[in-house]
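Next come the chains, spelled out residue by residue.
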Amino acid sequence: MNPGVILDTGPLIAFLNSRDGRHNWAREQWARVEPPFLTCEAVIAEASFLARRLASGAPEAVVSLVERGVLDVSFRLADEAAAVERMMKKYDDVPMSLADACLVRMSEQHAGSVVLTLDGDFRIYRRSRRRPIPTRMPGG
């Protein structure tokens, strides 16, 4: 398994939506990764909700990526709830979503991982010991 590319909602939706301005960027990123992408159920829930606007069957396409093993959702919020809650409180002024808190926690658990995101808040968030989170975003 690769050291871990942690997938956020934005690149997932951009990948599925050919009309999205970041679609080509997302496709290029997906082509660079050997599956599975690491993610969490909060990202799957957000993406499924947003995908309703794309086309009939798009929410199911999100779930299909899990079923086919393209997305690994082995992160368990039940096991990490205290750490996630502390993080959300710490970044209350941003504010930090549940999905973002889970992804930051995942970046702490997977050494060498990078978060694939469109969300500039990941430049603000820090993982353990105030270290920046390695990210891959459009434009650098």
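Presented here is an overview of the structure given in this document. (Residues numbered from 1 in each chain as written. Predicted model: local features only at pLDDT ≥ 70, side-chain atom pairs only at ≥ 80, totals over all residues. Heavy atoms only, no water.)

### Notes on helix 6 (residues 98-109)
Its 12 residues give helix 6 an end-to-end C-alpha distance of 17 Å, which sits within 8% of 16 Å, the value for a rise of 1.5 Å per residue. When we look at burial in helix 6, the residues that qualify are Ala99, Asp100, Ala101, Cys102, Leu103, Val104, Arg105, Met106 and Ser107. In this structure, the buried side of helix 6 is in contact with strand 1 (5-7), strand 2 (37-38), helix 3 (41-51), helix 5 (77-90), strand 4 (114-116) and strand 5 (126-127). (Helix = DSSP H or I, 4+ residues; strand = E, 2+ residues; numbered from the N terminus. Expected span 1.5 Å × (residues − 1). Buried < 20%, exposed > 50% of the residue type's maximum accessible area, 1.4 Å probe, protein only. Contact = heavy atoms within 4.5 Å.)

### Concerning the pattern of salt bridges
Scanning the entire structure with this criterion turns up 5 salt bridges. Among the charged side chains, a salt-bridge network with shared partners connects Glu80, Arg105 and Glu108. (Salt bridge = Lys/Arg side-chain N within 4 Å of Asp/Glu carboxyl O.)

### Let's talk about the packing of helix 1 (residues 9-16) against helix 3
Where helix 1 contacts helix 3, the two axes come as close as 9 Å, and the packing angle between them is 40°. Our pair here, helix 1 against helix 3, has a crossing hand that is right-handed. Facing Thr9, Leu12 and Ile13 of helix 1, the residues of helix 3 in contact are Val43, Glu46, Ala47, Leu50 and Ala51. When grouped by side-chain class, the residues that make up the contact of helix 1 with helix 3 number 6 nonpolar, 1 polar and 1 charged. (Axes fitted to C-alpha atoms, helices over the stretch in contact; angles between N-to-C directions. Left-handed = near helix turned anticlockwise from the far one by under 90°. Nonpolar A, V, L, I, M, F, W, Y, C, P; charged D, E, K, R; others polar.)

### A word on the packing of aromatic side chains
Within the structure shown, the criterion is met by 4 aromatic pairs. Relative to tryptophan 30, the ring of phenylalanine 15 has its centre 3.9 Å away and its plane inclined at 5°; by these criteria the two rings are stacked. Within this pair, whereas phenylalanine 15 is found in helix 1, its partner tryptophan 30 is found in helix 2 (residues 23-31), the two being separated by 15 residues in sequence. The exposure class assigned to phenylalanine 15 is partly exposed, which follows from its relative accessible area of 25%. The interplanar angle of 80° and the centroid separation of 5.1 Å between the aromatic rings of phenylalanine 122 and tyrosine 125 together place this pair among those described as edge-to-face. Relative accessible area serves as the criterion here: at 0%, tyrosine 125 is assigned to the buried category. (Phe/Tyr/Trp six-rings, centres within 6.5 Å; stacked < 30°, edge-to-face > 60°.)

So, to be careful, I would describe these as geometric facts and stop short of saying anything about function.
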